[in-house]
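# An overview of the molecular structure
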Amino acid sequence: MSRRRSNRVRNTNSKYVSSPVRVTIIDDCEEDEYLHHRTCWKHIAAALSKCGSKPKRTKELEIFKLTAPCFYDECTRRGRSERRIKCKYLDSKLRKKLNSKAFVGYLEDVWRGFSDEKKNSFVYLDCLWFSMYKSENHNIRSSVFDSVKTKQIFSKKYVFLPIVYWSHWTLLIFCNFGEDLDSDKTCMLFLDSLQTTDSSQRLEPDIRKFVLDIYRAEGRTEDSSLVDEIPFYVPMVPQQTNDVECGSFVLYYIHRFIEDAPENFNVEDMPYFLKEDWFSHKDLEKFCDELHSLGTIH
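Summary of the structure given here. Being a predicted model, the structure only gives us computed values, none of them experimental.

What follows concerns a negative patch on the surface. A contiguous patch of negative charge, built from Glu179, Asp180, Asp182, Asp184, Glu268 and Asp269, is present on the exposed surface. For Asp184, the location among the structural elements is in the loop between β5 (168-175) and β6 (187-191). Asp184 gets classed as partly exposed once you look at its relative accessible area, which sits at 43%.

Turning our eyes to something else, we now look at the pattern of salt bridges. Applying the stated criterion to the full structure yields nine salt bridges. A salt bridge links Asp260 to Arg256, with the nearest nitrogen and oxygen atoms 3.5 Å apart. With Asp260 and Arg256 both in helix α9 (residues 246-260), this residue pair falls four residues apart, about one helical turn. A residue is classified by how much of its surface remains accessible, and Asp260, at 25% relative accessible area, is partly exposed.

Turning our attention to the packing of helix α6 (residues 138-151) against helix α7 (residues 199-217). Running from N to C, α6 and α7 cross one another at 65 degrees; their axes reach a closest spacing of 10 Å. For the pair α6 and α7, the sense of crossing is right-handed. Across the interface between the two elements, Arg141, Val144, Phe145, Val148 and Lys149 from α6 touch Phe210, Asp213, Ile214 and Ala217 from α7. Considered class by class, the residues forming the contact of α6 with α7 number six nonpolar, no polar and three charged.

On to helix α3 (residues 100-112), then. Here α3 spans 18 Å end to end across 13 residues, near enough to the 18 Å set by a 1.5 Å rise per residue. Those residues of α3 that fall on the buried side of the exposure criterion are Ala102, Phe103, Gly105, Tyr106, Leu107, Asp109, Val110 and Trp111. Of the surrounding secondary structure, the elements contacted by the buried residues of α3 are α4 (116-119), β3 (122-124), β4 (158-165), β5, α9 and α10 (281-293).

This part covers the environment of Pro231. Relative to the helices and strands, Pro231 resides in the loop between α8 (224-228) and β7 (232-233). Given the relative accessible area of 27%, Pro231 is considered partly exposed. Sequence spacing of Pro231 and Val267 is 36 residues, and the spatial spacing of their C-alpha atoms is 8.0 Å.

Considering all chains together, one arrives at 29 aromatic pairs under this definition. With 4.1 Å between their ring centres and 15 degrees between their planes, Phe103 and Trp169 make a pair best called stacked. Of this pair, Phe103 sits in helix α3 while Trp169 is found in strand β5, placing the two residues 66 residues apart along the sequence. Here the two residues Phe103 and Trp169 agree in accessibility, since each one is buried. Relative to Phe279, the ring of Trp278 has its centre 5.6 Å away and its plane inclined at 50 degrees; by these criteria the two rings are tilted. Using a relative accessible area of 7% as the deciding quantity, one classes Phe279 as buried. Looking at Arg202, its charged tip hangs above the ring of Trp166, at a distance of 4.1 Å from the centre.

On to the nonpolar core. Counting 42 residues, the largest nonpolar core has Phe160, Ile173, Leu251, Phe257 and Trp278 as its most contacted members. Secondary-structure elements contributing two or more residues to this core are α3, β3, β4, β5, β6, α9 and α10. Broken down by element, this core gets its largest block of residues, nine residues, from α9. Beyond its immediate sequence surroundings of up to four residues, Phe257 is in contact with Phe122, Tyr158, Phe160, Ile173, Leu189, Pro271, Phe273, Leu274 and Trp278. Counting 29 residues, the second-largest nonpolar core is a separate cluster that includes Val123, Trp129, Val144 and Val148.

This paragraph deals with the pairing of β6. Along β6, five of the five residues are buried, which leaves the element largely enclosed by surrounding structure. Two strands pair when backbone bridges link them, and β6 and β7 are joined in this way by two bridges, in the parallel orientation. Note on β7: the bridge partner recorded for Leu189 is Tyr233.

So, how was this worked out
- Residues numbered from 1 in each chain as written.
- Predicted model: local features only at pLDDT ≥ 70, side-chain atom pairs only at ≥ 80, totals over all residues.
- Heavy atoms only, no water.
- Patch = residues over 30% accessible without salt bridge, like charges linked within 9 Å, V, L, I, M, F, W, Y side chains within 5 Å.
- Areas by Shrake-Rupley, 256 points an atom, 1.4 Å probe, with all protein chains shown as cover.
- Salt bridge = Lys/Arg side-chain N within 4 Å of Asp/Glu carboxyl O.
- Lys, Arg positive; Asp, Glu negative; His and termini not counted.
- Charge placed at Lys NZ, Arg CZ, Asp CG, Glu CD.
- Helix = DSSP H or I, 4+ residues; strand = E, 2+ residues; numbered from the N terminus.
- Buried < 20%, exposed > 50% of the residue type's maximum accessible area, 1.4 Å probe, protein only.
- Axes fitted to C-alpha atoms, helices over the stretch in contact; angles between N-to-C directions.
- Left-handed = near helix turned anticlockwise from the far one by under 90°.
- Contact = heavy atoms within 4.5 Å.
- Nonpolar A, V, L, I, M, F, W, Y, C, P; charged D, E, K, R; others polar.
- Expected span 1.5 Å × (residues − 1).
- Phe/Tyr/Trp six-rings, centres within 6.5 Å; stacked < 30°, edge-to-face > 60°.
- Lys NZ or Arg CZ within 6 Å of the ring centre and 35° of its normal.
- Core = buried A, V, L, I, M, F, W, Y, C linked by side-chain atoms within 4.5 Å.
- Pairing = 2+ DSSP bridges.

Okay, structure coming up:
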């Protein structure tokens, strides 16, 4: 059983069989046996003694002995272990909720880790572009498509679009968007480390509008009905275990997808590796450790 120690003075109202007595408990007293059993009558008496005061109501103290007996001598105890357990990633932003600036810094590190030959089939878009696209400001929306044009996404097999929305990170992957939309090579993959939020269902309509506007911005004339028919897959990929890891998962999804993506992709043979056991949490921790050790983000 863990014990929590505070340096504050706590005031508690303890109720007795008779009238209540207000008792002040001092937590930062000397290291003695009373520190190990603070709720018993012995500790109360010791704390009051250290304050230079004594209980004036002997009868009420006797009653308190009955309601808060001491079991310290009856409990099995052991000394504190001398081994220090290091808490991994305590200072790493990868183990906290990532903001867009930190995410971009880490993503650039991930990208630099691959050779130019390996990256030839991939490109990534700015993680804020989707949220900017949903802005009601026309100038902001227009700036998104001006930036998309510079990425030449239709010349790449795979396009990564990290999305941060509702304070949650997800990853959208466009596969073979340079092909005809009725091709069996074109699809969208939506990777979500917290599928219980139903982000895919809530975002899919806006994602399809975004895709259609990208085609329009590129001067292409694909029918909107074809965009609506692009397969949209939400594979069951490894899931996060807390509420802050989503950004780290998206970074690792990108890293692993670049490593594992097939040379030739088609819808019928959607990447076999996109499964719940694609990687372990230990793999993710090792990745975070190595990425943080680069020291790009402080």
